[in-house]
Amino acid sequence: MTAVEVAYTEDGPAGAPVVVLSNSLGATRGMWDPQVPALAERYRVVTYDTRGHGESPAPAGPYTLDDLVDDVLALLDRLGVRQAHVAGLSLGGMTAMRLAAREPERVRSLAVLCSSAKADPQGFLDRAAAARAGGTAQFAPTVVQRWLTPGHAAEHPDLVARLAAMIEGADDEGYAACCEVVAGMDLRADLGRIAAPTLVVSGADDPALPPDHQRLIADGIPGADLLTLSPAAHLANLERTLETTGALLGHLDAAGPGRGGTAEGAR
Ligand SMILES: O=C(O)CC1=CCC(=O)O1
């Protein structure tokens, strides 16, 4: 499938090293709001909505994980960025891992949060069918229950409402097609090919993709570091905001600026 022009936001100094942040299934680029201001003090931060989500186009499915990777590469090309730090949570982490394995020259460093190299497909296939039959709004409250620990959700009803609205706002077909990407994805053979310095972040209380998924990723990527945040459910970056931001900044700074320049001829 042809790459789509995803919706994106840029923050930070124009000439700074680029960090691309990729959202989870059902969320939008707004999920990175707690991280963006601090990262943008010294990085050019690019957040974008995965196709089918937020303000991005939602072409008819099926999609493949490589389609989602092609969308990121097309965005980097549009921005004239040859090499970027890439971070993603859950589906965003799957996109980031596949990008790092497929196009190592384009990835200065990799951060994978609350993701998986191989997820149990049935729940995602069921959710895809439900999204097509009755829309995403019907299960938004259930999904958000997995994104935050009960205590954090009780203390932040405004955040719960905002996250549910993100899921409800996703395109039903686009969301379903992304569920099927997760169901069909198997990155286990890719992990050993990833050469970028990698940080893996786990939510200790993540009921969606528990810590054993993150351990498998960290064990498979040469030299990867693993950080477990607690208490934290699936959207650990929203619950442990400062720790996530600090860990990302430490990781990016340690990886160094990489190669800038234009994307011309990089692919
Ligand atoms: O939506 C969920 O339940 C958890 C999830 C799996 C892949 C993803 O991006 O989110």
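Owing to the predicted nature of the structure, the values given are computational and were not obtained by experimental measurement.

**Looking at the overall build of the protein**
- Summing up its helical and strand segments, the protein has 11 helices and seven strands in all.
- Since a compact globule built from 267 residues should have a radius of gyration of about 18 Å, the 17 Å found for the protein is in line with a globular shape.
- Projected onto the principal axes, the alpha-carbon positions of the protein cover approximately 45 × 40 × 35 Å.
- The proportion of buried residues among the 267 residues of the protein is 57%.

**Digging into the nonpolar core**
- In terms of nonpolar packing, the biggest core is built from 91 residues, with Leu110, Trp147 and Leu163 touching the most fellow members.
- Ignoring any residue separated from it by four or fewer positions in sequence, one finds Trp147 in contact with Ser24, Leu25, Gly26, Ala27, Leu163, Ile167, Ala233, His234, Leu235 and Glu239.

**Here we look at the packing of helix H4 (residues 121-134) against helix H8 (residues 172-184)**
- At a closest axis distance of 8 Å, the pairing of H4 and H8 adopts a crossing angle of 170°. Taken as axis vectors, H4 and H8 run roughly antiparallel relative to one another. On H8, the residues that touch Pro121, Phe124, Leu125, Arg127, Ala128, Ala131 and Arg132 of H4 are Asp172, Glu173, Tyr175, Ala176, Ala177, Cys179, Glu180, Val182 and Ala183.
- For the contact of H4 with H8, a count of residues per class yields 11 nonpolar, no polar and five charged.

**Focus on the UniProt feature "domain: AB hydrolase-1" (unreviewed entry) in the protein**
- According to UniProt, the positions carrying the feature "domain: AB hydrolase-1" (unreviewed entry) are residues 17-240.
- Helix makes up 44% of residues 17-240 and strand 15%, whereas the separation of the span's terminal C-alpha atoms amounts to 25 Å.

**Here we look at the sheet that holds strand S3 (residues 44-48)**
- Spatially, S1-S3-S2-S4-S5-S6-S7 is the arrangement adopted by the seven strands of the open sheet, whose pairing is mixed. Edge strands, defined here as strands with exactly one partner in the open sheet, are strand S1 (8-11) and strand S7 (225-229). The mean angle between the axes of side-by-side strands here comes to 15°, regardless of whether they run parallel or antiparallel.
- Here strand S2 (residues 18-22) pairs with S3 via five bridges, running parallel. Paired with Val18 across the two strands is Arg44, which belongs to S3.
- Of the strands in this sheet, strand S5 (107-113), strand S6 (198-203) and S7 are in contact with helix H9 (residues 211-220), which crosses S6 at around 170°.
- Where helix H11 (residues 241-255) meets the sheet, its contacts fall on S2, strand S4 (84-89), S5, S6 and S7, and the angle it forms with S5 comes to roughly 155°.

**Observations regarding the packing of aromatic side chains**
- For the structure on display, the rule yields one aromatic pair.
- For the pair Phe139 and Tyr175, a centre-to-centre distance of 5.5 Å together with 35° between the ring planes defines the contact as tilted. Here the residue Phe139 occupies a position in the loop between H4 and helix H5 (140-147), and Tyr175 occupies one in helix H8, the gap between them amounting to 36 residues. Of the two residues examined, Phe139 and Tyr175, each falls in the buried class.

**Section: the pairing of S6**
- Of all six residues that make up S6, six are buried, and the element is covered over most of its length.
- Here S6 shows no split at all, with Thr198, Val200 and Ser202 on one side and Leu199, Val201 and Gly203 on the other all buried.
- The pairing of S5 with S6 spans four bridges and is parallel. When the bridges of S6 are listed, Leu110 appears paired with Thr198.
- Here S6 pairs with S7 via five bridges, running parallel. Bridge assignment links Leu199 to a residue of S7, and that residue is Asp225.
- A crossover connection joins S6 to the parallel S7 through H9; in handedness this β-α-β unit is right-handed.

**Describing helix H3 (residues 91-102)**
- Taking 1.5 Å per residue, 12 residues should reach 16 Å; H3 reaches 16 Å between its end C-alpha atoms and fits that length.
- For H3, the tally of buried residues reaches 11 of 12 residues, placing the bulk of the element in the interior.
- Among the residues of H3, Leu91, Gly92, Gly93, Met94, Thr95, Ala96, Met97, Arg98, Leu99, Ala100 and Ala101 are the ones counted as buried.

**With respect to the site of the ligand**
- Taken together, Ser24, Leu25, Ser90, Leu91, Phe124, Arg127, Val143, Arg146, Trp147, Ala208 and His234 make up the full set of residues near the ligand.
- The backbone of Leu91 places a nitrogen or oxygen atom 2.8 Å from an oxygen atom of the ligand.
- Here an oxygen atom of the ligand sits 3.3 Å away from a polar atom, N or O, in the side chain of His234.
- Coverage of the ligand by the protein chains reaches 100% of its 290 Å² of free accessible surface.
- Among the elements of the structure, H4 and H5 are those that each provide at least two residues to the shell around the ligand.
- Per-element accounting of the shell around the ligand gives the leading share, three residues, to H5.
- In terms of residue class, the shell around the ligand is made up of six nonpolar, three polar and two charged.

Thresholds applied
Residues numbered from 1 in each chain as written. Predicted model: local features only at pLDDT ≥ 70, side-chain atom pairs only at ≥ 80, totals over all residues. Heavy atoms only, no water. Helix = DSSP H or I, 4+ residues; strand = E, 2+ residues; numbered from the N terminus. Rg over C-alpha atoms; globule rule 2.2 N^0.38 Å. Buried < 20%, exposed > 50% of the residue type's maximum accessible area, 1.4 Å probe, protein only. Core = buried A, V, L, I, M, F, W, Y, C linked by side-chain atoms within 4.5 Å. Contact = heavy atoms within 4.5 Å. Axes fitted to C-alpha atoms, helices over the stretch in contact; angles between N-to-C directions. Parallel < 35°, antiparallel > 145°, perpendicular 65-115°, else oblique. Nonpolar A, V, L, I, M, F, W, Y, C, P; charged D, E, K, R; others polar. UniProt positions renumbered as here; feature names shortened; annotations may be inferred. Pairing = 2+ DSSP bridges. Phe/Tyr/Trp six-rings, centres within 6.5 Å; stacked < 30°, edge-to-face > 60°. Right-handed = clockwise from strand over helix to strand, strands pointing away. Expected span 1.5 Å × (residues − 1). Near = heavy atom within 4 Å. Polar contact = N/O pair within 3.5 Å; in protein donor to acceptor, adjacent residues only side chain to side chain. Areas by Shrake-Rupley, 256 points an atom, 1.4 Å probe, with all protein chains shown as cover.

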